[in-house]
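Working through the structure, step by step
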Amino acid sequence: MTVQKQATFDRRRFIIGTAAVGALLPFGSLAQAQGLNIGSLLGSASDGALDKLSVPGAFYGDKDVRIGLPFVGNSGGLLGSILGAGQKLGILDGLIKSVNNAAGLAAGEAKPIFRNAINDISFNDVPGIVKTGDGGTQYLRSSANDDLHSKLKPLIDTALGDLGAYRQLDSLSQQHSFVRKVGLSRDGMSTTVTDQGLDGIFNYMGKEERSLRANPLDTVGKVFKGLF
């Protein structure tokens, strides 16, 4: 091997090795010591979560994030029993599947919303925010949850309309008095589907972040793609 080739090889090995070590550090140290873009890594986590949840049936198929009833208020006691009976009879099955599909449809449109929220975060102002595998996700939720909710809700509202969930709710309200008694409404449905949909997105995003942090070589491959 020539001196020039050896030097090039040593340089590549040093950069990859340094990045791999840096990827194991907390995000704050990673940003300062290695110069890697924290936002890019968190953006990858949000993209991965949204891609998975936008697959048809993803929300409904995962009991950990499945969106359920009630859509408004706290329907415990008698109202909860009424809703439970309706669900056991299968009366609400179609509506529940529709709202879950709506959440998935909105997730497929939500990447720019999450990317913008991530870009607005100043990680340097919060040293050591990532002390756990999903610390970045937790911080994003605590700092941008309300903003994300307000921007995700119109997407949810449109999806609920496009997939016929509102029409189903109106029809069920006319056919079954218990639907009216528990106070299920269009606005309540939109708000709660947004609440639960956001819970599901952050659930998946945390998993994606932990996976990226647990597999630093994969992370390095993405960060340094095209460098050599």
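Parameters at a glance
Residues numbered from 1 in each chain as written. Predicted model: local features only at pLDDT ≥ 70, side-chain atom pairs only at ≥ 80, totals over all residues. Heavy atoms only, no water. Salt bridge = Lys/Arg side-chain N within 4 Å of Asp/Glu carboxyl O. Helix = DSSP H or I, 4+ residues; strand = E, 2+ residues; numbered from the N terminus. Buried < 20%, exposed > 50% of the residue type's maximum accessible area, 1.4 Å probe, protein only. Expected span 1.5 Å × (residues − 1). Bend = angle between axes of the 7 residues up to and from the residue. Contact = heavy atoms within 4.5 Å. Lys, Arg positive; Asp, Glu negative; His and termini not counted. Axes fitted to C-alpha atoms, helices over the stretch in contact; angles between N-to-C directions. Parallel < 35°, antiparallel > 145°, perpendicular 65-115°, else oblique. Left-handed = near helix turned anticlockwise from the far one by under 90°. Nonpolar A, V, L, I, M, F, W, Y, C, P; charged D, E, K, R; others polar.

As for the pattern of salt bridges
For the coordinates displayed, the defined rule picks out eight salt bridges. Salt-bridge contacts for D47 lead to R115; the nearest nitrogen and oxygen are separated by 2.6 Å. Of this pair, D47 sits in helix 3 (residues 38-53) while R115 sits in helix 7 (residues 111-119), and the two are 68 residues apart along the sequence. The class for D47 is buried, based on a relative accessible area of 17%. One salt bridge in this structure joins D170 and R186, with 2.5 Å as the shortest N-O distance. Taken as a pair, D170 in helix 9 (residues 165-175) and R186 in helix 11 (residues 186-214) lie far apart in primary sequence, 16 residues in all. Given a relative accessible area of 31%, D170 falls into the partly exposed group. Among the residues examined, R186 registers a relative accessible area of 40% and is labelled partly exposed.

Some remarks on helix 8 (residues 135-162)
Here helix 8 contains 28 residues, and its C-alpha end-to-end distance of 35 Å is more than 12% below the 40 Å for a straight helix at 1.5 Å per residue. Along helix 8, the largest kink reaches about 75° and is centred on A144. The set of residues buried in helix 8 consists of G135, G136, T137, L140, A144, L148, H149, L152, I156, A159 and L160. Looking at the buried positions of helix 8, the neighbouring elements they touch are helix 3, helix 6 (93-107), helix 7, helix 9 and helix 11. After helix 8 finishes, the residue G164 shows a positive phi value of roughly 80°.

A short note on the side chain of D62
With respect to the helices and strands, the residue D62 is situated in the loop between helix 4 (58-61) and helix 5 (77-88). Here D62 is buried and forms no salt bridge, its nearest opposite-charge partner K207 lying at an N-O distance of 4.5 Å. Excluding residues that lie within four positions of it along the chain, D62 makes contacts with Y204 and K207.

Quick look at the packing of helix 3 against helix 7
Interhelical geometry of helix 3 versus helix 7 gives an angle of 160° and a closest axis separation of 10 Å. The angle between helix 3 and helix 7 falls in the class roughly antiparallel. Relative to helix 7, helix 3 is oriented so that their crossing is right-handed. Across the interface between the two elements, G39, S40, L42, G43, S44, S46, D47, L50 and D51 of helix 3 pack against K111, F114, R115 and I118 of helix 7. By residue class, the composition of the contact of helix 3 with helix 7 is four nonpolar, five polar and four charged.

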